[in-house]
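Each chain, letter by letter, is given below.
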Amino acid sequence: MTAAALRLNAVRMGPGLLAGLLMAVLAKLLSQSLHAPAPLIAVVLGMMLGALGLQGQLGAGLDIFAKPGLRLGVAMMGAQISWSEFAALGGPAVLASGAVVLGGLGIGALAGAALGLPLAEALIAAAACSICGASAALAASQAAPSSPENQRTTALVIVGVNLLSTVAMLAYPPVANALGLTAHQAGVFFGLSIHDVAQVAGAGASVSPEVAGTAALAKLSRILWLGPAVVLIGLMLTRTAQGGRVSGLQAPPIFVWGFAALAAARGLNLIPPALVAMLGACSSFLLLAGVGAISAKLGPKALLEVKPRLAILLVTLTVAVAILAYALTRIFF
């Protein structure tokens, strides 16, 4: 590529890249000062930017964060999986978290079909509710066909799961107490049922440091299933597109391989602690920039186009995951 072409690309993508950078930084700063979920703030900032009608000037740069940047951010999440910490919960945590994830995806597909939602949109919502909120919604969206409808659904799911996670953070501690759960069981229940990591930590901390630690580990066990879940979502969507026939299994997306490779490297202690922290910060930044970029490309009109049935699906999934998490907590813990 010639120097002139490089300069042209820089001029074309520069404004959008700068906008994505600023949205990620602002979302992080406002999250700390307002004590609000950073992904939700990134959605709001993106919608505000989209309202200015600058998609034409910013689109090329925003696409970098909305597509390859987002996939890189999801892959970097693998470095946050600590096998030594995860082992503290033992084998039952693997079974329970796997059941929550598979059950959530299955319920999401069935409930979405009953509500008349496309399978891709239903699975994006199901991934968010059964795995790890906004991050899982973004990962699932990368396995789904790229379309304005799926991008709009992803942004709206992020808003919905953050609101529902906040409600769960406030409601589940007294519910756990009323159900007679022990401190250990309460932590497991919070980690298996609440969508986003920040709200899991908040619910646990509202009870005790012991509960907060257990909740974080239980949540980690769900995140472990992100890679296999994305592969399963891709397979389900491929079967649907081909009328239920699959001509050979398709290879997982590259970002799933990256996620698995970093998780394995972290488990083998091949990644220095300083690099783990840096990868975590980069992952958080890229996910926030991706959320902001998707929202900016859609604009605030997308919120007015939300399907009531999508909101019904999110609430249904939240309740179903909570019931499933409670039953598994009683059985295994």
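As the structure is a prediction and not an experimental result, all values here were calculated from the model. (Residues numbered from 1 in each chain as written. Predicted model: local features only at pLDDT ≥ 70, side-chain atom pairs only at ≥ 80, totals over all residues. Heavy atoms only, no water.)

Interhelical geometry of helix H8 (residues 148-178) versus helix H14 (residues 273-298) gives an angle of 120 degrees and a closest axis separation of 10 Å. In terms of orientation, H8 and H14 fall into the oblique class. Where H8 crosses over H14, the two elements pack in a sense that is left-handed. Contacts from Pro148, Gln151, Arg152, Ala155 and Ile158 in H8 reach Val291, Ile294, Ser295 and Leu298 in H14. (Axes fitted to C-alpha atoms, helices over the stretch in contact; angles between N-to-C directions. Helix = DSSP H or I, 4+ residues; strand = E, 2+ residues; numbered from the N terminus. Parallel < 35°, antiparallel > 145°, perpendicular 65-115°, else oblique. Left-handed = near helix turned anticlockwise from the far one by under 90°. Contact = heavy atoms within 4.5 Å.)

On the surface, Leu18, Leu21, Leu22, Val25, Leu26, Leu29, Leu30 and Leu34 cluster together into a nonpolar patch covering about 690 Å² of accessible area. By the secondary structure assignment, Leu22 is in helix H1 (residues 3-34). Residue Leu22 is classed as partly exposed on the basis of its relative accessible area, which comes to 48%. (Patch = residues over 30% accessible without salt bridge, like charges linked within 9 Å, V, L, I, M, F, W, Y side chains within 5 Å. Areas by Shrake-Rupley, 256 points an atom, 1.4 Å probe, with all protein chains shown as cover. Salt bridge = Lys/Arg side-chain N within 4 Å of Asp/Glu carboxyl O. Buried < 20%, exposed > 50% of the residue type's maximum accessible area, 1.4 Å probe, protein only.)

To continue, consider the nonpolar core. By size, the foremost hydrophobic cluster in this structure holds 81 residues, and its most contacted members are Ile131, Val157, Leu226 and Ile233. Filtering out sequence-adjacent residues up to four positions away, Leu226 remains in contact with Val74, Met77, Ile131, Ala136, Ala139 and Phe259. Formed by 20 residues, the second largest nonpolar core is a distinct cluster that contains Val100, Ala186, Val321 and Leu328. (Core = buried A, V, L, I, M, F, W, Y, C linked by side-chain atoms within 4.5 Å.)

This part is about unusual backbone geometry. Positioned with a positive phi, Asn269 is a non-glycine residue whose angle comes to about 60 degrees. Within the secondary structure, Asn269 sits in the loop between helix H13 (254-267) and H14. Owing to a relative accessible area of 67%, Asn269 belongs among the exposed residues under this scheme.

Looking now at the environment of Val167. For Val167, the position within the fold is in helix H8. It is 9.1 Å that separates the C-alpha atoms of Val167 and Gln199, two residues lying 32 residues apart in sequence.

Another point: H8. For H8, which comprises 31 residues, the first-to-last C-alpha distance of 44 Å matches the rise-based estimate of 45 Å (1.5 Å per residue) to within 8%. The largest bend in H8 is about 35 degrees, located at Ala171, with the proline Pro173 one to four residues further on. Following H8 by one or two positions, Gly180 adopts a phi angle in the positive range, close to 75 degrees. (Expected span 1.5 Å × (residues − 1). Bend = angle between axes of the 7 residues up to and from the residue.)

Our next topic: the packing of aromatic side chains. What the rule picks out here adds up to four aromatic pairs. Judged by centre distance (6.5 Å) and plane angle (90 degrees), the ring pair of Phe189 and Tyr326 falls under edge-to-face. With a gap of 137 residues between them, Phe189 in helix H9 (residues 183-193) and Tyr326 in helix H16 (residues 308-332) connect regions that are remote in the sequence. The class of Phe189 is buried, set by a relative accessible area of 3%. Given the relative accessible area of 25%, Tyr326 is considered partly exposed. Taken together, the ring pairs connect Tyr172, Phe189, Phe190 and Tyr326 into an aromatic cluster. (Phe/Tyr/Trp six-rings, centres within 6.5 Å; stacked < 30°, edge-to-face > 60°.)

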